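Architecture and fold: a report
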Amino acid sequence: MIGTGIFSALILLCWSFPDFWYTQSGRAQDFVWFSENDRLNGWTFRSVPVAESAEKILVADRLINGEFFNEKKEIVRVFSAKRYQENQNEIGLFVHTPDRCWTESGWQIEPAVPDVVALSIHGVPLQIERRIFVYEGHRELVYFCGLVGGQPLPYRLDHNLSVGLKHQLRTAIDKTGTTLRAADSRLWRRVWDSFVSRQPFLGPKQFLRVSSSLAAGSDAEADRRLQEFLPRWLQPADYEQERRAWLAKQL
């Protein structure tokens, strides 16, 4: 009987520990959430349907995909995916980063420095992954980042980077590189980073991506364009109000 009681207590502890561990952090911090502004002075927004690609299988509660263009013929492409409530039976929003889905769609990752930039958007510090992708001679500068549980991620979203590079070099064992992903140390390092930072994997999530074309010798100009564009496109929002509006549409 004593052994059974100890075993039951251990099961209860294992089951309740994630709730205790991950919800003890960030309670004094504001809940961070962004809305997407499609009316920017000098820019015109055009919605673009999400293609039959890896990004479509994210099964987000809300998806925004489109592009802004101005009189200078500059284009900024935007993508936002939101989950207001977590479903553990669905794929995570951060699983299919561009490092994975873009390379599987035929894009090539061009080595670039830096591959991460630290930006403050309306006072919110964000680690933003920075990549240059190439497809049939077209070069695209891409920024992407995420929020979980109302806080910026304390770890990087680079878990698909090394696998994406191996995949484009045709060293992946299978088409999607699943075997390589399971063995990749960066993926498991992010699991550990989440644990020690007490930042949960589950909870309300927002994945953000912006990109812009690169002409020869214009990398710095494209960086400036995206960094000036982000705080205009993203605006601080009330998560609960947005979630309630979404729930009302489901009825």
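Residues numbered from 1 in each chain as written. Predicted model: local features only at pLDDT ≥ 70, side-chain atom pairs only at ≥ 80, totals over all residues. Heavy atoms only, no water.

From N to C terminus, the protein chain includes seven helices and 11 strands. A burial count over the protein chain gives 43% of its 251 residues as buried. For the protein chain, the exposed surface amounts to about 13800 Å²; the carbon and sulfur share of it is 58%. (Helix = DSSP H or I, 4+ residues; strand = E, 2+ residues; numbered from the N terminus. Buried < 20%, exposed > 50% of the residue type's maximum accessible area, 1.4 Å probe, protein only. Areas by Shrake-Rupley, 256 points an atom, 1.4 Å probe, with all protein chains shown as cover.)

For the rest of this paragraph, the subject is helix 6 (residues 219–233). Here helix 6 spans 21 Å end to end across 15 residues, near enough to the 21 Å set by a 1.5 Å rise per residue. All of the buried residues along helix 6 are Ala222, Asp223, Arg225, Leu226, Phe229, Leu230 and Trp233. Projected onto a plane normal to the axis of helix 6, the buried residues spread over an arc of 160° and lie on a single side. (Expected span 1.5 Å × (residues − 1). Arc of directions from axis to C-beta.)

With that settled, consider the pattern of salt bridges. In total, this model carries 19 salt bridges according to the counting rule given. In this structure, Glu36 engages Lys82 in a salt bridge whose closest nitrogen and oxygen atoms are separated by 3.2 Å. Taken as a pair, Glu36 in strand 1 (residues 34–36) and Lys82 in strand 4 (residues 75–83) lie far apart in primary sequence, 46 residues in all. Salt-bridge contacts for Arg224 lead to Glu228; the nearest nitrogen and oxygen are separated by 2.6 Å. (Salt bridge = Lys/Arg side-chain N within 4 Å of Asp/Glu carboxyl O.)

Turning next to the pairing of strand 7 (residues 124–135). With nine of its 12 residues buried, strand 7 lies for the most part within the structure. Here strand 5 (residues 108–110) runs beside strand 7; their pairing, made up of three bridges, is antiparallel. Within strand 7, the residue paired with Ile109 across the bridge is Phe133. Turn length for the strand 6 (residues 116–121)-strand 7 hairpin, with the two strands adjacent in sequence and antiparallel, is two residues, and the turn residue His122 shows positive phi of about 55°. As paired elements, strand 7 and strand 8 (residues 138–148) share seven bridges and run antiparallel to each other. Bridging across to strand 8, Glu129 finds its partner in Phe144. (Pairing = 2+ DSSP bridges.)

Two aromatic rings are characterised by how far apart their centres lie and by the angle between their planes. Evaluated as defined, the whole model comprises 15 aromatic pairs. Ring geometry for Trp33 against Tyr84: centres 6.0 Å apart, planes inclined by 40°, an arrangement best described as tilted. Placement of the pair is Trp33 in the loop between helix 1 (2–23) and strand 1 and Tyr84 in the loop between strand 4 and helix 2 (98–104), with a sequence separation of 51 residues. For Trp33, a relative accessible area of 2% translates into the label buried. Under the relative-accessibility criterion, Tyr84 is labelled buried at 3%. With centroids separated by 5.1 Å and ring planes inclined at 65°, the aromatic side chains of Phe68 and Phe229 adopt a geometry described as edge-to-face. One end of the pair, Phe68, is in strand 3 (residues 62–69); the other, Phe229, is in helix 6, with 161 residues separating them in the sequence. Assigned by exposure class, Phe68 and Phe229 land together as buried. (Phe/Tyr/Trp six-rings, centres within 6.5 Å; stacked < 30°, edge-to-face > 60°.)

Secondary-structure assignment places Val59 in the loop between strand 2 (44–47) and strand 3. Sequence spacing of Val59 and Lys82 is 23 residues, and the spatial spacing of their C-alpha atoms is 9.2 Å.

A separate point is the environment of Asn70. By the element assignment, Asn70 lies in the loop between strand 3 and strand 4. Considered as a pair, Asn70 and Gly42 are 28 residues apart in the sequence and their alpha carbons are 5.9 Å apart. Residue contacts for Asn70: discarding those within four places in its chain leaves Gly42 and Trp43. Reaching out from Asn70, the side chain makes a polar contact with the side chain of Glu74 at a distance of 2.8 Å. (Contact = heavy atoms within 4.5 Å. Polar contact = N/O pair within 3.5 Å; in protein donor to acceptor, adjacent residues only side chain to side chain.)

In terms of nonpolar packing, the biggest core is built from 27 residues, with Phe34, Tyr143, Leu230 and Trp233 touching the most fellow members. Tallying contributions element by element places helix 6 first for this core, with five residues. Residues in contact with Tyr143, not counting those within four places in the same chain, are Val117, Leu119, Ile128, Glu129, Arg130, Leu208, Arg209, Val210, Asp223, Leu226, Gln227 and Leu230. (Core = buried A, V, L, I, M, F, W, Y, C linked by side-chain atoms within 4.5 Å.)

Functional significance is not addressed by these values, which are geometric in nature.
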